Amino acid sequence: MITLEEEVKIEFGRGSWNNGVDVKDFVRRNITPYYGDASFLKGPTQKTKYLWQLCLKAMKEEREKGGCRAIDTHTISGINSHGPGYINEALEVIVGLQTDELLKRAMKPFGGLRVVEGAVAERGMEVDQAVKDVFQYTKDHNSAVFAAYDAEIRQYRSKGVLTGLPDNYARGRIIGDYRRLALYGADYLINAKEADKAAIDGALDEHKIRLREEVTDQIIALKEIKKMGAGYGLELGRPAANAREAVQWVYMAYLAAVKEQDGAAMSLGNVSSFLDIFIEKDLLEGKIDEAEAQELIDQFVMKLRMVRHLRPGAYDEIFGGDPAWVTEAIGGQFEDGRTKVTKTSFRFLQTLYNLGPSPEPNLTVLWSQQLPEGFKNFCTQVSIDTSSIQYENDDLMREVRGSDDYGIACCVSYQEIGKRIQFFGARANLPKTLLMALNGGREEMSGEQVLQDIAPLEGDVLDYQEVMRNFRQAMTQVARVYSKTMNIIHYMHDRYYYEKAQFAFIDTDPGIDMAYGAAGISIIADSLSAIKYAKVRPVRNAEGLTVDFQIEGDYPKYGNDDDRVDVIAKKIARFFFRELARHKCYKNAVPTMSLLTITSNVMYGKKTGTTPDGRKAGEAFAPGANPMHGRDTHGAIASMNSVAKLDYRDSRDGISNTFSIVPKSLGSNPQDQVENLTALLDGYFSKKAQHLNVNVLNRETLLDAYHHPENYPQLTIRVSGYAVNFIRLSKAHQLEVIARTFHERM
Amino acid sequence: MIQNGLLIPQESGHLNEGERLRIHSIETFGTHDGPGIRMVVFVQGCQFRCLYCANPDTMDVTGGKFTGLEEIVKRAVDQKPYFGKSGGVTVSGGEPLLQRRILKQLFIKLHAEGINTALDSNGRLIDQQTKDLLEETDLLLLDVKHFNNDWHRKLTGLSNVNTFKVAKHREESGKPMWLRYVLVPGWSDQEDYLHQLGCYFGGFKTIRKVEILPYHQLGVHKWEALGMDYKLKGVGPPSEEILNKSAAIFREYFEEVQVN
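Residues numbered from 1 in each chain as written. Chains lettered and ligands numbered in written order. Predicted model: local features only at pLDDT ≥ 70, side-chain atom pairs only at ≥ 80, totals over all residues.

Along chain B, the regular secondary structure elements total eight helices and 11 strands. The C-alpha atoms of chain B give a radius of gyration of 18 Å, which matches the 18 Å a tight globule of 260 residues would have. Buried residues in chain B amount to 46% of all 260 residues. Look at the contacts in chain B between residues 6 or more apart in sequence, and 76% of them connect residues 24 or more apart. (Helix = DSSP H or I, 4+ residues; strand = E, 2+ residues; numbered from the N terminus. Rg over C-alpha atoms; globule rule 2.2 N^0.38 Å. Buried ≥ 20, exposed ≤ 12 C-beta atoms within 10 Å, placed from the backbone. Contact = placed C-beta atoms within 7 Å.)

Rendered as structure tokens:
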């Protein structure tokens, strides 16, 4: 019997995690699944509220200063480049900023000095000469990549066949298992890495030599992280001793990553249910109450919302605002059938009420048919209220990818935590590839010869078989050039901008996925469908270059659950992936592919000529794998079923779909809306679809925000694979979002 | 043919062609025509000429396109995982009873696939074929346009006698139905008639819910496109006050009343 005076002391269940680094085992043994509803949740504490007001004020100043509040132009950012920074030290239960001041941005020039110089110059400032001088003696990733590029790659890049490549900025996408710092402490991890290093012996080939150097860098990083912690009075050498420390330790590990790297996406992983174990222990031991538990998560999330990187304006234009992709995966099921949902899964979603809607962190619910009903309905309620969540198919990814301990890299991409990594590869422009196939290999805007040995098409009407023959040849060539480009990029990134702080929390010598991507699948499906089922006449200019198309008759359009066209999309995705997979990858990475555009669907559109589906030159692509705007005429489910037919096995890096609906169309009362959205997600994912962004918004709200941005500082919408602050999108992009299919019915 | 700004009354013979249904369109994510997520099949052809009709393009019995039952059933089966516990297929229109023989076949096929069926009808026709169809209908959404026959004729061009017969038959069958009532200010919001409707239907045991559909003008552009006159141009949607008052009246007689 436990008496009131006796101190309750919970011991963690022991297992293989006690004999080596194995966070997954720790979570599995100690988790407390939660099957209830959201009624236990608490609002923000006074401390949290006041701190958030300070953050909102700082963000307002940031917007008023053109999107950048301050820059340190003297210091190269690193784990210990800047001393401790606080919002208001007395009120912070979780501490740590990237620099010494809230929203002050730091330079990370090893991805590409030129990009940093440009970003600083745009703000009327200049990079300190001492920083520039560093590069008299060493290289950045950017110049190293271009030293190895050949003429072909340069041409593909400049013509926009391959775009968004991480060749002048950091690649990101790598996810450290930041939980390790909390569970083991830095000292234990250093010892483990030392042992790994000692075991890399025997005949030293290039692989082993590189590995020894990498592990040494990781150990240096761990020691630096200890030092960074000491600045805040934290003993990061040892494991976290309570809930507050667990949250703090995880954040410190992540903070080191975002001080050292400004990769395109810097995901957090899947920390919520891990942290729940520590919180649950403190709650049971009576050390904290629910309000304090929520305060820890609110303040952690607040810090994640304040992560900033120094980006040039052009970057913001492509990606829509200022994303950091702090992606946190929540929920899902264990392989043994239990749920991974805990009260802290709820607490993370609750931050969208306590602090208001926000694009960051990029909250991603791993949806399983088996998730507890209470959690499912809370998720859809939060979606309806905030439009800030995306959903991914946990049942599908667990089955195909093989682990239940994973996060989401960047936007939509499965990533086993601490065991594997991925090399980010942006994407190839498939509609442009099709247009080159129709033009004897010439690029449609410039007329320049890009592809070789493509037979010119001369007939009055496009012949499906001839087009397909040429298109396959074109895709084969693009895949070849794409592959060698990726190998160069990642070889150089490893050499010149190795992510030592992140790899310190990943197994030594992890498996790697090579994450290729393709844009414009819906345009391809509709174009080929038009050529097959209608008559498409090319209109050629004096140089014989196709500049327009005349379509006679109707044709089935992608987005209506019509197999005739949906199968075309599926087959092309498969063909292109298989072409990519034929090429050997650097570090023996395993090829994967995404059907994803991020927000660059607008930019792709600008740079791509008129396509045979009737899309005019310059018009935006649909985002991700979405059907083209206005062509899905049978309602939301028909549209979703078309996307669901794309095979995840061909696009294991993710198939993005963005769904926008007006609240009224979800159901006539709030309860129906929640139930219908839950049923919709169950239905979509039972079809083996992979990803869905959910926006529940009135078009009028967006129009009003377009005209009066000052009234909507926190309006958040989901775009391809992540969320953005609507008012920080460019005006062109805002209009594109407003023009998209909003599922509504009179 | 259009006379006095309205499509003239048509025979429904055009609608019978083998095992095919003349449909206007399919909405796969229906959330306002019965419970849960529903695939809504809008059939073509209606003999009512409701002045406020939001889908006047479904009136013409010679319009739309013939669609095989197999295609509709395949779509419904493809969509079945979305239906959850309460969803299914709703046939709306147009007026489904004009194609009651073939619809019965459709509902039998849907039931064979374990799919719930709902029929959204104005109760225009009542004969053995209607009764046969209602046997296969899990939920009837009966649109009562007006309680008073004179007002009903003014609003729709036809009598409401059959609508009441259909309601009575449904009540006798013991199977569930919802009443739907479009509230048009000055046309169908008279308190007296709302009470009369409540008195009449309040004793029905099969009525599970009453839905008030506030009149809106979102279909006006379709009338213009069809070359017809929209005669309710000066009428706005009902105010909150009218909606609340009408709902309160219905609540005196029915357990569940919802304003859509």
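Further remarks concern the overall build of chain A. A count of helical and extended segments in chain A gives 26 helices and 19 strands. Expected size for 746 residues packed as a compact globule is a radius of gyration near 27 Å; at 25 Å, chain A falls within 12% of this value. In terms of overall dimensions, chain A has a C-alpha envelope of 90 × 65 × 50 Å along the principal axes. Counting over 746 residues, chain A shows a buried share of 57%. Considering only contacts within chain A whose residues lie at least 6 apart along the sequence, 80% involve residues at least 24 apart.

Attention now goes to the sheet that holds strand β5 (residues 362-367) of chain A. Residues and elements named next belong to chain A. An order of β4-β5-β6-β17-β16 is seen for the five strands of this open sheet, with the pairing classed as mixed. Edge positions in the open sheet fall to β4 (327-331) and β16 (658-661), since each of these has one partner strand only. Recorded for the sheet is a direction-independent mean angle of 30 degrees between the axes of neighbouring strands. Alignment of β4 against β5, held across five bridges, turns out to be parallel. Following the sheet pairing, isoleucine 330 is matched in β5 by valine 365. In the packing of helix α15 (residues 394-401) onto the sheet, the strands contacted are β5 and β6 (390-393), and the crossing angle to β6 comes to about 40 degrees. (Pairing = 2+ DSSP bridges. Axes fitted to C-alpha atoms, helices over the stretch in contact; angles between N-to-C directions.)

The next point concerns helix α7 (residues 179-199) of chain A. Residue and element names in this part refer to chain A. Over its 21 residues, α7 extends only 25 Å from the first C-alpha to the last, a length that falls short of the 30 Å expected when each residue adds 1.5 Å. The sharpest bend along α7 measures roughly 95 degrees and falls at glycine 185. Next to the buried residues of α7 lie α1 (23-30), α8 (206-231), α9 (243-260) and α10 (272-284). (Expected span 1.5 Å × (residues − 1). Bend = angle between axes of the 7 residues up to and from the residue.)

All names here are of chain B. Inspection of the secondary structure assignment puts phenylalanine 147 in the loop between β8 (139-143) and α4 (149-156). Sequence separation between phenylalanine 147 and glycine 88 is 59 residues; the distance between their C-alpha atoms is 30 Å. Once you skip the residues sitting within four places of it in the chain, phenylalanine 147 turns out to touch Tyr193, Gln196 and Leu197.

Contact with chain A, which involves 23 residues of that partner, is made by 20 residues of chain B. Mapped onto the side of chain A that touches chain B, the elements with two or more residues apiece are α22 (636-644), α23 (663-666) and α24 (670-686) of chain A. Looking at the side of chain A that touches chain B element by element, the count peaks at seven residues for α24 of chain A. The class makeup of the residues in the side of chain A that touches chain B is seven nonpolar, 11 polar and five charged. (Nonpolar A, V, L, I, M, F, W, Y, C, P; charged D, E, K, R; others polar.)

Moving on: the packing of helix α6 (residues 191-202) of chain B against helix α8 (residues 240-251) of chain B. Residue and element names in this part refer to chain B. Close contact between α6 and α8 brings their axes to 9 Å; oriented N to C, the two are set at 30 degrees. It follows that α6 is roughly parallel to α8 by the angle criterion. Note on packing geometry: the crossing formed by α6 with α8 is right-handed. Between α6, through Glu191, Leu194, His195 and Gly198, and α8, the contact on the second element is made entirely by Ser246, Ile249 and Phe250. Looking at the contact of α6 with α8, its residues break down into three nonpolar, three polar and one charged. (Parallel < 35°, antiparallel > 145°, perpendicular 65-115°, else oblique. Left-handed = near helix turned anticlockwise from the far one by under 90°.)

Residues and elements named next belong to chain B. Strand order in the open sheet formed by nine strands is β5-β3-β4-β6-β7-β8-β9-β10-β11, and the pairing between neighbours is mixed. Pairing within the sheet leaves two strands with one partner each, and these edge strands are β5 (65-68) and β11 (257-259). Ignoring which end each strand starts from, the neighbouring axes of this sheet average 30 degrees apart. Pairing of strand β3 (residues 20-30) with β5 involves four bridges; the strand directions are antiparallel. If you follow arginine 22 over to β5, its bridge partner there is phenylalanine 66.

It is worth spelling out the confidence of the model for chain B at this point. Across chain B, the average pLDDT comes to 94, with 99% of residues at 70 or higher. The ipTM, which scores confidence in the relative placement of chains, is 0.91 for this predicted complex, and the corresponding pTM is 0.94. (pLDDT = per-residue confidence, 0-100.)

To continue, consider the nonpolar core. It is characteristic of soluble globular proteins that their nonpolar side chains tend to be buried jointly. Among the nonpolar cores identified, the biggest contains 228 residues, and Leu181, Ile225, Val250, Met252, Ala253, Ala256 and Ile521 of chain A are the most heavily contacted of them. No other element matches α9 of chain A, which puts 13 residues into this core. Counting 61 residues, the second largest nonpolar core, distinct from the first, contains Ile23, Ala167, Val182 and Val257 of chain B. (Core = buried A, V, L, I, M, F, W, Y, C linked by C-beta atoms within 7 Å.)

Before going further, it helps to spend a moment on the pairing of strand β7 (residues 406-409) of chain A. Residue and element names in this part refer to chain A. Pairing of β7 with strand β8 (residues 413-416) involves four bridges; the strand directions are antiparallel. Counterpart to isoleucine 408 in the pairing with β8 is tyrosine 414. Between β7 and β8, which pair antiparallel and follow one another directly, the connecting turn spans three residues, one of which, cysteine 410, has a positive phi of 60 degrees.

Quick look at the packing of α7 of chain A against α8 of chain A now. Residue and element names in this part refer to chain A. Direction vectors running N to C along α7 and α8 enclose 170 degrees, while the axes themselves pass 10 Å from each other. Relative to α8, the element α7 lies roughly antiparallel. Taken as a pair, α7 and α8 cross one another with a handedness that is left-handed. Every residue of α8 that contacts α7 at Ala186, Leu189, Ile190, Lys193, Glu194, Asp196 and Lys197 is listed here: Arg212, Val215, Thr216, Gln218, Ile219, Leu222, Lys223, Ile225 and Lys226. When grouped by side-chain class, the residues that make up the contact of α7 with α8 number seven nonpolar, two polar and seven charged.

Residues and elements named next belong to chain B. With 13 residues, helix α2 (residues 100-112) should cover 18 Å at 1.5 Å per step; its first-to-last C-alpha distance of 18 Å lies within 8% of that length. Within α2, the full set of buried residues consists of Arg100, Ile102, Leu103, Leu106, Phe107 and Leu110. On an axial view of α2, the arc spanned by its buried residues comes to 155 degrees, and they lie on one face. Phi turns positive, to about 75 degrees, at glycine 114, one or two residues after α2. (Arc of directions from axis to C-beta.)

With glycine set apart, most residues show a phi of negative sign, and most peptide bonds adopt trans. Proline 361 of chain A follows glutamate 360 of chain A through a cis peptide bond whose omega is -10 degrees. Along the chain, proline 361 of chain A falls in the loop between α13 (343-354) and β5. Each neighbour pair has its own omega, and for glycine 93 of chain B with glycine 94 of chain B the value is 15 degrees, a cis peptide bond. Relative to the helices and strands, glycine 94 of chain B resides in the loop between β6 (88-92) and α2. Of note in this structure, arginine 173 of chain A is not a glycine but carries a positive phi near 70 degrees. With respect to the element layout, arginine 173 of chain A can be found in the loop between β3 (162-163) and α7. In this structure arginine 173 of chain A comes out as buried when scored by C-beta crowding, with 27 C-beta atoms within 10 Å.

As a further point, take the pairing of strand β18 (residues 716-719) of chain A. All names here are of chain A. Neither face of β18 is exposed, since Thr716 and Arg718 on one face and Ile717 and Val719 on the opposite face are all buried. As paired elements, β18 and strand β19 (residues 722-725) share four bridges and run antiparallel to each other. Bridge pairing in β19 links arginine 718 to alanine 723.

Residue and element names in this part refer to chain B. Checked against the element boundaries, lysine 175 lands in the loop between α5 (161-173) and β9 (177-183). Residue lysine 175 is classed as partly exposed on the basis of its C-beta count, with 15 C-beta atoms lying within 10 Å. On a C-alpha basis, the gap between lysine 175 and isoleucine 115 in space is 17 Å, while along the polypeptide they are 60 residues apart. Residues in contact with lysine 175, not counting those within four places in the same chain, are Arg170 and Thr206.

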